[in-house]
Amino acid sequence: MSTAQIIYEQYKVLPKKVQNELIALINKNNDEKNVRLIEQVTQGLREVKLIRKRKLPRKTFQELKREIGSEK
């Protein structure tokens, strides 16, 4: 399971009030780093949805390591 999937699964089980507080906290410091983080989380959630619909193949651990290494 990818990090995005884990975060998404944890986010889904939070009460709506806590979800809203989390979003507000992320948006509070709307600097460039947080904007990038929000974009990455959003992209990860899109990928999770595509994986669940079987429109995107699951990534292997090696692929994820290569992808993370290329971002540094």
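Residues numbered from 1 in each chain as written. Predicted model: local features only at pLDDT ≥ 70, side-chain atom pairs only at ≥ 80, totals over all residues. Heavy atoms only, no water.

Structural notes on a nonpolar patch on the surface
Here comes step 1: A surface patch of nonpolar side chains, amounting to about 220 Å² of accessible area, comprises Ile7, Leu37 and Val41.
Here comes step 2: Given a relative accessible area of 31%, Val41 falls into the partly exposed group. (Patch = residues over 30% accessible without salt bridge, like charges linked within 9 Å, V, L, I, M, F, W, Y side chains within 5 Å. Areas by Shrake-Rupley, 256 points an atom, 1.4 Å probe, with all protein chains shown as cover. Salt bridge = Lys/Arg side-chain N within 4 Å of Asp/Glu carboxyl O. Buried < 20%, exposed > 50% of the residue type's maximum accessible area, 1.4 Å probe, protein only.)

Here we look at the confidence of the model for the protein chain
Here comes step 1: Overall, the prediction assigns the protein chain a mean pLDDT of 80, with 86% of residues at 70 or greater.
Here comes step 2: When mean pLDDT is taken per element in the protein chain, helix α1 (residues 3-12) scores highest with 86 and helix α4 (residues 61-71) scores lowest with 74. (pLDDT = per-residue confidence, 0-100. Helix = DSSP H or I, 4+ residues; strand = E, 2+ residues; numbered from the N terminus.)

Observations concerning unusual backbone geometry
Here comes step 1: One non-glycine residue, Arg54, adopts positive backbone phi at about 60 degrees.
Here comes step 2: Inspection of the secondary structure puts Arg54 in the loop between α3 (32-52) and α4.
Here comes step 3: Arg54 sits in the exposed class, given a relative accessible area of 78%.

Concerning the side chain of Gln19
Here comes step 1: By the element assignment, Gln19 lies in helix α2 (residues 16-28).
Here comes step 2: When residues no more than four places from it in sequence are discounted, the contact partners of Gln19 are Tyr11, Lys12 and Leu14. (Contact = heavy atoms within 4.5 Å.)

Topic: the pattern of salt bridges
Here comes step 1: All chains considered together, the criterion is met by two salt bridges.
Here comes step 2: The partner of Glu9 in a salt bridge is Lys12, with the nearest N and O atoms 3.6 Å apart. With Glu9 and Lys12 both in helix α1 and three residues apart, the pair spans about one turn of that helix.
Here comes step 3: The exposure class of Glu9 is partly exposed, given its relative accessible area of 26%.
Here comes step 4: Take Lys12: its relative accessible area is 38%, and that puts it in the partly exposed class.
Here comes step 5: The salt bridge involving Glu9 is made with Arg52; its shortest N-O contact spans 2.0 Å. Pair noted here: Glu9 is in helix α1 and Arg52 is in helix α3, with a separation of 43 residues, a long-range link.
Here comes step 6: Its relative accessible area of 48% is what places Arg52 among the partly exposed residues.

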